[in-house]
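Structure assessment
What follows is each chain in one-letter form.
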Amino acid sequence: VQLQAYGGGLVQAGGSLRLACTASGRTFRHYFMGWFRQAPGKERELVSAMRWNDGNTYYTDSVKGRFTISRDDAKNTVSLQMNSLKPEDTAVYYCAADITFGWVIPKDYREYEYWGQGTQVTVSS
């Protein structure tokens, strides 16, 4: 599985960005797909994730109501729409795939086997 993430950039506080992650080599259908972020000096944290087979989603508390994860089966893509961005959302964002079967969305980045390259999101105040 190869994951390609894109869509980061620089935006002012209150603005929006849309990240996308496209997979090649294998479909998503039995995976968990997650978006993580890592700010300088901080641990990598799960921002949002989706269980591909039924669309069940997870959001960390700080992004609830602002971020939306979605998928496009035809394009084999998972996206993260980020609205009302805040300076504290600034980080490198990574998409990741966990191909181990399960019902509970994993929160630990170590459970995700495949990673895209990071994309920088910078929110200015």
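Before reading on, note that the structure itself is shown above.
Because the structure is predicted, anything quoted here is derived from the model rather than measured. (Residues numbered from 1 in each chain as written. Predicted model: local features only at pLDDT ≥ 70, side-chain atom pairs only at ≥ 80, totals over all residues. Heavy atoms only, no water.)

1. Observations concerning the nonpolar core
For soluble globular proteins, the rule of thumb is that nonpolar side chains tend to be buried together. Membership of the largest hydrophobic core comes to 28 residues, with the highest contact counts inside it found for Met33, Trp35, Phe67, Leu80, Met82 and Tyr93. Listed by contribution, the elements that provide at least two residues to this core are β1 (2-6), β3 (17-24), β4 (32-38), β5 (45-51), β7 (67-72), β8 (77-82), β9 (91-98) and β11 (119-124). Contacts of Met82, omitting those with residues within four sequence positions, involve Gly15, Ser16, Leu17, Leu19, Arg66, Phe67, Tyr93 and Val121. Core analysis: the next-biggest nonpolar cluster, separate from the first, contains 7 residues, Phe32, Ala49, Ala96 and Tyr112 among them. (Core = buried A, V, L, I, M, F, W, Y, C linked by side-chain atoms within 4.5 Å. Buried < 20%, exposed > 50% of the residue type's maximum accessible area, 1.4 Å probe, protein only. Helix = DSSP H or I, 4+ residues; strand = E, 2+ residues; numbered from the N terminus. Contact = heavy atoms within 4.5 Å.)

2. Observations concerning the packing of aromatic side chains
Following the criterion strictly, the structure yields 5 aromatic pairs and no others. Ring centres of Phe101 and Trp103 lie 5.4 Å apart, and the angle between their planes is 80°; this geometry places the pair in the edge-to-face category. Across the pair, Trp103 and Phe101 agree in class, each one exposed. Taking the ring centre of Trp52 as reference, the NZ or CZ of Arg71 above it sits at 5.4 Å. (Phe/Tyr/Trp six-rings, centres within 6.5 Å; stacked < 30°, edge-to-face > 60°. Lys NZ or Arg CZ within 6 Å of the ring centre and 35° of its normal.)

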